[in-house]
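Structural description and commentary
Letter by letter, the chains look like this.
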Amino acid sequence: MTTTTLAVLVPLLPFLGSAAGLLFGLPPVSHRHPSKGLRALSHLPGFVRPLAVLPTLAAAVLAAVVAARQGGGRAIDAATELTPTGSIPIDLSLYIDGFAALVAVLVCVVATCVQIYSTGYLRDDPRYPSYAALVSLFTSAMLVVVYSGDLMVLLVGWEIMGICSYFLVGHYWETPEARSASLKAFLVTKLGDVPFLIGLFALATDAGTFQIRGVLGAVAHGDLDHPTLVALLLLAGVAGKSAQFPLHTWLPDAMAGPTPVSALIHAATMVAAGIYFVARLLPVFAASAAAMTVLAVMAAITMVGSGLAALAQDDIKRVLAYSTIGQLGYMAGALAVGDRGAAVFHLLSHAAFKALLFLAAGAVIHAAGTNSLTAMSRMSGLAKRIPDAYWTMTVALLALAAIPPFAGFFSKEAVLVAAEHTALGERDVAPAGAGWIVLVAGLLTALLTAAYALRLWLRTFRGRGPEAPDHGRQPIAMTSVLWVLAIPSLGFGLTVTHLDDWFDGHPLTPTLTTAVLGTGLAAAGAVITYAVWRTLAARTPVTAPVPHVAHPDAEAGQVEAEALHLPHPAEDPADPGRALLGPLHGAAADGFHLDAVYRTAFVRPVLAAASLVRFLDREVVDTYVSAAGNSAKGLGWLVRRAQTGNVQTYLSALLAGSVVLAIVAVALANAAAGA
């Protein structure tokens, strides 16, 4: 089988699995007549889980074969015309270089882990068939984005992911948090997608094609007439999809969805799509120094702001959500200094340890019966109850904090090295100012990342108080996935010397300067956080236990859904984040009030304008329309009064009219004679 055929099957298999999963997961048409129609045979739950896991697993194997055949060499390029447009054609095409090959393997592996984990996590969920089908469709859409060689086909996958995220984040639609979070995620990302679509059309107009290869060729020959405008329009869509400032506010709220969905969105699909898009079209952005500077500033604000916000969160998943925003800021920073190899390298390593963090967090929430760090800090024994989640989450947090030799150290160092080279003028792809912005923000974020990672670990696994509730041992489908993801979280960075050919031939190895600075700042952040925690814990008495979900035998998904309704405990005086942030804590916990700014600047004016339009429609437009109708109605009433059906009345009216006409005629004749 040719490599092109295998590449076509990679996104096709999850799509077919999604369709089949929905078909076999449908309830029968009628319980009285179970033999009627195809749907009578479709309610076969035993088929749903294999249809969720096996197509994605097969796609992962095929993606690995495609990557092995591509080998980091010449890009695989194949195309056929999809539809004639009369102007710029749209092609069904593949463009698979080293970046695309590796990212596709990543997407399939993480999606397979999520599907396997979900079979245990949501084993009794009545909506599991639709959930699994949407996860498969989500995966297929991301693979279309990764492999597509045509921007319009890429846009199809881009938008399908937005729809899937809406339904998956709103999986627990009975809760108001899930409903509002799904709507917010959809609207905020669409806010970026509008200029993104305009930018795609402007890019195709300048380049004369939607083909990625043709666009890159046009950039190389200097044929783009409006590079800054195009790049800024595209960046708006990237900011929405990859949760970059100022369109990042949807991602923390999206934690209302099931934890496996969070792992998929944060590690391998939606938020990775924007970074991957910029990496694929980096020459377009590099053609404008202004766009690269804007991207650097956006990345710097995102990194530092999300680090401060993560240090103030009480919900374990919101800490991880802000962590994702910050790590995406690292990737955007690497792109802002013109090194897509460092960006994609960090994307790959981050996907492994962030998927592990979220899936381990699901096990923690199940064991603790709550998603509140304050509640967990008032329990003891969590580490003993869930040893698999404890050890694997420790590995993932070390990778997140970029402690050597874990994966995050090597990929984060690749970003800092790229920023250093640009800042010192050793590379001229981007302005030196962009390099300094990314380098300083990246180093500061390294300190903040280590601080909030250790804070999360201490408050989760080193709590004091009564024993954590016993919610039973997690299924093997959940714990086995954690250990699988722990392997790349620990060892992926060690492959750094073997990946040069896959990443444009640029070395990704750390340098002494950035390694010492980055690791030193991370160590300083961890030491300070630990010292503050020890001091505060010694001064704070053990408090009473806090509310948790009281279902020891409940499945993990049910525990998480019910935990959304639990009130978070009052502030914890032993929280090191509160002491470290000081007066910034309140603002950081609320995301620096950015949602309030949006409500004031956009939501309220739009609602006011809508109220004005409604008033004008009802009180002005409707008044004129009603008056016209009432006038016709009144005239009809008068005419109706004249139509009595009495012949004598008609003759009398005719005689009276004749007399009046005669009088008028005589009067007019006399007036004419007198004149």
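Here goes a summary of the coordinates provided.

Rules behind the numbers
Residues numbered from 1 in each chain as written. Predicted model: local features only at pLDDT ≥ 70, side-chain atom pairs only at ≥ 80, totals over all residues. Heavy atoms only, no water. Helix = DSSP H or I, 4+ residues; strand = E, 2+ residues; numbered from the N terminus. Contact = heavy atoms within 4.5 Å. Areas by Shrake-Rupley, 256 points an atom, 1.4 Å probe, with all protein chains shown as cover. Lys, Arg positive; Asp, Glu negative; His and termini not counted. Charge placed at Lys NZ, Arg CZ, Asp CG, Glu CD. Buried < 20%, exposed > 50% of the residue type's maximum accessible area, 1.4 Å probe, protein only. Pairing = 2+ DSSP bridges. Salt bridge = Lys/Arg side-chain N within 4 Å of Asp/Glu carboxyl O. Phe/Tyr/Trp six-rings, centres within 6.5 Å; stacked < 30°, edge-to-face > 60°. Core = buried A, V, L, I, M, F, W, Y, C linked by side-chain atoms within 4.5 Å. Disulfide = S-S within 2.5 Å. Expected span 1.5 Å × (residues − 1). Axes fitted to C-alpha atoms, helices over the stretch in contact; angles between N-to-C directions. Parallel < 35°, antiparallel > 145°, perpendicular 65-115°, else oblique. Left-handed = near helix turned anticlockwise from the far one by under 90°. Nonpolar A, V, L, I, M, F, W, Y, C, P; charged D, E, K, R; others polar. Polar contact = N/O pair within 3.5 Å; in protein donor to acceptor, adjacent residues only side chain to side chain.

**Side note on the overall build of the protein**
- Counting secondary structure elements, the protein contains 27 helices and two strands.
- The dimensions of the protein, computed from C-alpha atoms along their principal axes, are 120 × 65 × 65 Å.
- Summarising the internal contacts of the protein: among those between residues at least 6 apart in sequence, 80% fall at separations of at least 24.
- When the accessible surface of the protein is split by element, carbon and sulfur atoms take 69% of a total near 27500 Å².
- One way to put it: in the protein the 38 positive side-chain charges average out to a point 9 Å from where the 40 negative ones average out.

**Considering the pairing of strand β2 (residues 90-96)**
- In terms of residue burial, β2 counts as a mostly covered element, since six of its seven residues are buried.
- Relative to β2, strand β1 (residues 76-83) is paired through seven bridges, and the arrangement is antiparallel. Across the sheet, residue Asp-77 finds its bridge partner in β2, namely Tyr-95.
- From the end of β1 to the start of β2, which pair antiparallel, there are six residues, and Gly-86 there has a positive phi angle of about 90°.

**Description of the pattern of salt bridges**
- Taken as a whole and judged by the stated rule, the model has 15 salt bridges.
- Here Asp-253 ties to Arg-318 by a salt bridge, and the two come within 3.1 Å at their closest N and O atoms. Taken together, the residues Asp-253 in helix α9 (residues 250-253) and Arg-318 in helix α14 (residues 316-336) connect sequence positions 65 residues apart.
- By relative accessible area, Asp-253 is classed as partly exposed at 25%.

**Describing the packing of aromatic side chains**
- Following the criterion strictly, the structure yields 15 aromatic pairs and no others.
- Plain terms: the ring middles of Phe-201 and Phe-210 are 6.2 Å apart, the flat faces sit at 70° to each other, and that makes the pair edge-to-face.
- Of the residues examined, Phe-201 reaches a relative accessible area of 41% and is grouped as partly exposed.
- Among the residues examined, Phe-210 registers a relative accessible area of 5% and is labelled buried.
- Arranged with centres 5.0 Å apart and planes meeting at 70°, the rings of Tyr-390 and Trp-391 form a pair that is edge-to-face.
- A relative accessible area of 51% places Trp-391 in the exposed class.
- Following the ring pairs from residue to residue traces out a cluster consisting of Tyr-390, Trp-391, Trp-457 and Phe-461.

**Considering the nonpolar core**
- Among the nonpolar cores identified, the biggest contains 204 residues, and Tyr-147, Trp-250, Phe-277, Phe-285, Met-393 and Phe-503 are the most heavily contacted of them.
- Residues contacting Trp-250, with those up to four places away along its chain left out, are Lys-184, Ala-185, Val-188, Thr-189, Gly-240, Lys-241, Ala-243, Ile-265, Met-270 and Val-271.

**Observations regarding the state of the cysteines**
- Here the structure, examined in full by the defined rule, presents zero disulfides.
- No disulfide involves Cys-108; its sulfur sits 11 Å from that of Cys-113, the nearest cysteine.
- Between Cys-164, a free cysteine, and Cys-108, which holds the nearest cysteine sulfur, the sulfur-to-sulfur gap is 15 Å.
- Judged by relative accessible area, which is 0%, Cys-164 ranks as buried.

**Quick notes on the side chain of His-266**
- Looking at where His-266 falls in the secondary structure, it is placed in helix α10 (residues 259-267).
- Owing to a relative accessible area of 1%, His-266 belongs among the buried residues under this scheme.
- Once residues within four sequence positions are removed from consideration, His-266 is found in contact with Leu-251, Met-255, Val-271, Leu-320, Ala-321, Thr-324, His-350, Lys-354 and Phe-358.

**Section: helix α19 (residues 407-423)**
- The first and last C-alpha atoms of α19 sit 25 Å apart over 17 residues, in line with the 24 Å expected at 1.5 Å per residue.
- Most of α19 is tucked away, with 16 of its 17 residues classed as buried.
- Within two residues after α19, Gly-425 carries a phi angle of roughly 80°, on the positive side.

**Description of the packing of helix α3 (residues 98-121) against helix α21 (residues 476-491)**
- One can describe the packing of α3 onto α21 by two numbers: an axis separation of 7 Å at closest approach and a directional angle of 155°. Classed by the angle they form, the pair α3 and α21 counts as roughly antiparallel. The handedness of the crossing between α3 and α21 is left-handed. Between α3 and α21, the residues in contact are Cys-113, Ile-116, Tyr-117, Thr-119, Gly-120 and Tyr-121 and Ala-477, Met-478, Val-481, Leu-482, Val-484 and Leu-485, respectively.
- A class-by-class count of the residues in the contact of α3 with α21 yields 10 nonpolar, two polar and no charged.

**So, the environment of Asp-206**
- Mapped onto the secondary structure, Asp-206 falls in helix α6 (residues 176-207).
- Between the alpha carbons of Asp-206 and Ala-218 there is a distance of 8.2 Å; along the sequence they are 12 residues apart.
- When neighbours within four sequence positions are excluded, Asp-206 is seen to be in contact with Asp-223, Leu-224, Asp-225, His-226 and Val-230.
- Only 3.2 Å separates the side chain of Asp-206 from the backbone nitrogen of Asp-225, close enough to count as a polar contact.

**Some details on unusual backbone geometry**
- Put simply, Phe-245 and Pro-246 share a cis peptide bond, and its omega is 10°.
- Its location among the elements puts Pro-246 in the loop between α8 (227-241) and α9.
- Of note, the bond from Pro-404 into Pro-405 is cis; its omega dihedral lies within 30 degrees of zero at 5°.
- By secondary structure assignment, the location of Pro-405 is in the loop between α18 (387-400) and α19.
- The phi torsion at Phe-592 lies on the positive side, around 55°, for a residue other than glycine.
- Classification of Phe-592 by relative accessible area gives partly exposed; the value is 33%.
- The backbone of His-593 sits at a positive phi, close to 60°, despite the residue not being glycine.
- Mapped onto the elements of the fold, His-593 is located in the loop between α25 (585-589) and α26 (594-642).

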